[in-house]
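# Per-entry structural report
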Amino acid sequence: MKISIKLILLFFLLISIVISSSFSKEVITLRVSWWGSQDRHNRTLKVIELFQQKYPHIKIVPEYSGWGDYWTILTTQAAGRNLPDVIQHDYQFLAEWVKRGLLRPIDDLVAQNIIKLSDVPDAYVAPGRVEGKLFAVNLGVNSFGIVYDPELLKKAGISSLKWNWTWDDFKNVAKQVRNKLGIFGVGDTMIADAQAFKIWLLEHNTYLYSPDGKSLGYEDDKLFSDYFKMLLELIDAGAMPSREFEMGRVGVAALEDMLIVTQKAAMNQLWSNQLVAVMRASKERPLKLNLFPQPGKPGTRSGNYLKASMFFAVSAYTKYPKEAGLFIDFFINSIEANKILLAERGVPISRKIQTLLRPYLTASQMEMFNFIKLVEKNVCPTPLPDPPGHTEILNNVWNPIADQILYKKITPEQGAIEFRKQATAILKK
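To start, this report covers the structure provided alongside it. Think of each chain on its own: its residues are numbered from 1, step by step along the sequence as written. The predicted nature of this model means local features are confined to residues of pLDDT at least 70 and side-chain atom pairs, given and counted, to a pLDDT of 80 or more, with totals for whole chains, interfaces and linings taken over all residues. With hydrogens and water stripped out, all remaining heavy atoms of the structure feed into the side-chain values.

## Looking at the pairing of strand β10 (residues 265-271)
Note the cut-off: Only protein chains enter the area calculation, which uses a 1.4 Å probe; residues under 20% of their type maximum are buried, those over 50% are exposed, and those in between are partly exposed. In DSSP terms, a helix is any run of H or I states spanning at least four residues, a strand is any run of E spanning at least two, and both are numbered starting from the N terminus. Any two strands with at least two DSSP-identified bridges between them are counted as paired.
The element β10 is extensively covered by neighbouring structure, given that seven of its seven residues are classed as buried. Strand direction decides the pairing type here: strand β8 (residues 144-148) and β10, joined by five bridges, are antiparallel. Counterpart to Ile146 in the pairing with β10 is Gln269. Taken together, the two bridges between strand β9 (residues 184-186) and β10 define a ladder with parallel strand orientation. When the bridges of β10 are listed, Phe184 appears paired with Ala265.

## Examining the pattern of salt bridges
Threshold: Salt bridges, as used here, are contacts in which a Lys or Arg side-chain nitrogen is within 4 Å of a carboxyl oxygen on Asp or Glu.
For the structure shown, the criterion picks out 22 salt bridges. With its nearest N and O atoms 3.1 Å apart, the salt bridge here joins Lys171 to Glu233. A residue pair is termed long-range when its members are at least 10 positions apart, and Lys171 in helix α8 (residues 167-181) and Glu233 in helix α10 (residues 222-236) qualify at 62 residues. Since its relative accessible area comes to 13%, Lys171 is described here as buried. Residue class for Glu233 comes out partly exposed when judged on its relative accessible area of 30%. Here the salt bridges do not stand alone but share partners, grouping Asp168, Lys171, Lys175 and Glu233 into one network.

## Quick notes on the packing of aromatic side chains
Using the following cut-off: Stacked, tilted and edge-to-face are the three classes assigned to paired rings of Phe, Tyr and Trp, where Trp is represented by its six-membered ring and a pair needs centres within 6.5 Å; plane angles under 30 degrees give stacked, over 60 edge-to-face, the rest tilted. Here, a charge over a ring means that NZ of Lys or CZ of Arg falls within 6 Å of the ring centre while also lying within 35 degrees of the ring normal.
Tallied over the full model, the rule gives 36 aromatic pairs. Look at Phe51 and Tyr55: their rings are 4.9 Å apart centre to centre, the planes differ by 40°, and that puts the pair in the tilted class. Here Phe51 and Tyr55 have matching classes, each one buried. Between the aromatic rings of Phe312 and Phe327, the centroid separation amounts to 5.8 Å while the plane-to-plane angle is 55°, which identifies the pairing as tilted. In this pair, Phe312 sits in strand β13 (residues 311-314) while Phe327 sits in helix α13 (residues 321-333), placing the two residues 15 residues apart along the sequence. Residue classification places Phe327 among the buried residues on the basis of a relative accessible area of 0%. When the ring centre of Tyr407 is taken as reference, the NZ or CZ atom of Lys409 above it lies at 5.8 Å.

## Here we look at the side chain of Arg243
For the record, the criterion: In protein, a polar contact requires one atom able to donate a hydrogen and another able to accept it; more generally it is a pair of N or O atoms within 3.5 Å, and residues adjacent in sequence count only if both atoms are side-chain atoms. For this analysis, residues touch if any pair of their heavy atoms sits within 4.5 Å.
Mapping Arg243 onto the fold places it in helix α11 (residues 243-247). In this structure the side chain of Arg243 is engaged in a polar contact, spanning 2.7 Å, whose partner is the side chain of Glu246. Residue contacts for Arg243: discarding those within four places in its chain leaves Thr189, Ile191, Asp403, Leu406 and Tyr407.

## Considering unusual backbone geometry
Excluding glycine, most residues fall at negative phi; most peptide bonds, likewise, are trans. Phi is positive for Glu131, close to 50°, though the residue is something other than glycine. The residue Glu131 is located in the loop between β4 (129-130) and β5 (133-134) in this model. Residue Glu131 is classed as exposed on the basis of its relative accessible area, which comes to 73%. The backbone phi angle of Ala343 is positive, close to 60°, even though this residue is not glycine. Relative to the assigned elements, Ala343 resides in the loop between α14 (335-341) and α15 (351-357). On the basis of relative accessible area, Ala343 is assigned to the buried category, the value being 6%.

## Side note on the packing of α8 against α10
Where we set the bar: Lines fitted to the C-alpha atoms define the axes, with helices restricted to the stretch that makes contact. Angles between their N-to-C directions range from 0 to 180 degrees. Angle categories: roughly parallel below 35 degrees, roughly antiparallel above 145, roughly perpendicular from 65 to 115, and oblique for all the rest. Handedness of a crossing follows from how the near helix is turned relative to the far one, being left-handed for an anticlockwise turn of less than a right angle and right-handed for a clockwise one. Gly is put with the polar residues, along with every residue not named as nonpolar or charged; the nonpolar set is Ala, Val, Leu, Ile, Met, Phe, Trp, Tyr, Cys and Pro, and the charged set is Asp, Glu, Lys and Arg.
Direction vectors running N to C along α8 and α10 enclose 15°, while the axes themselves pass 10 Å from each other. Relative to α10, the element α8 lies roughly parallel. By crossing handedness, the relation of α8 to α10 is classed as right-handed. Where α8 approaches α10, its residues Trp167, Phe170, Lys171, Ala174 and Lys175 are matched on the opposing element by Met230, Glu233 and Leu234. Class assignment of the residues belonging to the contact of α8 with α10 gives a composition of five nonpolar, no polar and three charged.

## Observations concerning the nonpolar core
This is how the line gets drawn: Among buried residues, the Ala, Val, Leu, Ile, Met, Phe, Trp, Tyr and Cys ones that are joined through side-chain atoms within 4.5 Å form a nonpolar core.
With 81 residues, the main nonpolar core has Trp97 and Phe327 as its most contacted residues. Ranked by residue count, the leading element in this core is α13, at seven residues. Ignoring any residue separated from it by four or fewer positions in sequence, one finds Phe327 in contact with Leu30, Val32, Ile48, Phe51, Ile60, Val86 and Phe312.

## What to know about α8
Our working rule: Multiplying 1.5 Å by the residue count of a helix minus one yields the expected span of that helix.
End to end, α8 covers 21 Å across 15 residues, agreeing with the expected 21 Å (1.5 Å per residue, within 8%). Taken as a whole, α8 has its buried residues at Trp167, Asp169, Phe170, Lys171, Val173, Ala174 and Val177. Structurally, α8 contributes buried residues whose contacts are with β8, α7 (150-155), β9, α9 (195-203), α10 and β10. Looking at where α8 begins, the residue whose side-chain oxygen comes 3.3 Å from the main-chain nitrogen of Asp168 is Thr166. Backbone geometry just after α8 places Gly182 at a positive phi near 75°.

Function cannot be inferred from these measures alone, as they are strictly geometric.
And the structure:
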């Protein structure tokens, strides 16, 4: 009897120690930053509330803004060694930040199962690696594609698109829409960000930049001139807006004014995670849009590739790497969190989350999921991040030369020579 009483007393003593230690657990503050729309802010803040309920000893301080201000703020914080603990990051800047020593490797957090990636395909993880080490976790799978209005194509006499379609097929569809309906076949002149041209090059087994980022990656300037000849052909046929038309729309940035939203174009190019916002933009009628892979060169691989829409990375200066890892893990592996996020940052990387989330998806979100699943079967490896000179090349070389070609002030062949000359000078710096 005495032994039983002692055991009971010992049991209650242990319980009191556990309770006492849980109450005395140090409360830490974790800063988390991201860019995005108000919708993304609202969703992320709700997920933060859930996370703090699960981990009451971790207080999250959110820091968010639009894309334009985000990197200016971070640059200032980096200079003062005052970066947030968890940083939403972009593929084009990841390698540069790693080289500057601003981000912490997180392989140890994965090895300790703090960040669980066991059911995540390596193709989804790989974009976060730099020189063999993992520095960032992919928050959403993305791919560049063609969005089209099946209702408009049907009115133009096009019942469906061929899965392995070519650029000639693409041109024919765009021209048929113009001839039958009097609207644009494709809504933009496909020069923004040089993204369509990058995919054009991938289809020709090359890329815009060399692996070391010190030169252009393609050697044949005919690839450049042929691309712009295709654009000029579409413009001359009235199947794509002229540069004059587009310049007249400068300042019209709202999604509601996109030509495909207003049914003044039947197709457009965009990243897959933008589909939901574009479909919601129509005020006049419910908008039903479908996603399709980029056209390709006959008999070659697709130029589509899977891209991380954005990442979460951990600051090199954080005092709380474990807690930062717990937050990232919650973001990618909690079904309750993902019911709130609803793939706003792209298709979730966890296979389990993808499956569990399907009953909660809208039609546009389901279209995005299905598109990624189909594209996944035939994609190029994700290209290396753009070199540091890319922004300068885009703004000071690509856009001005593209304008001159599309205004017919210079030929595509002259543009190809000039682009190589100017871009090479920047990359050599």
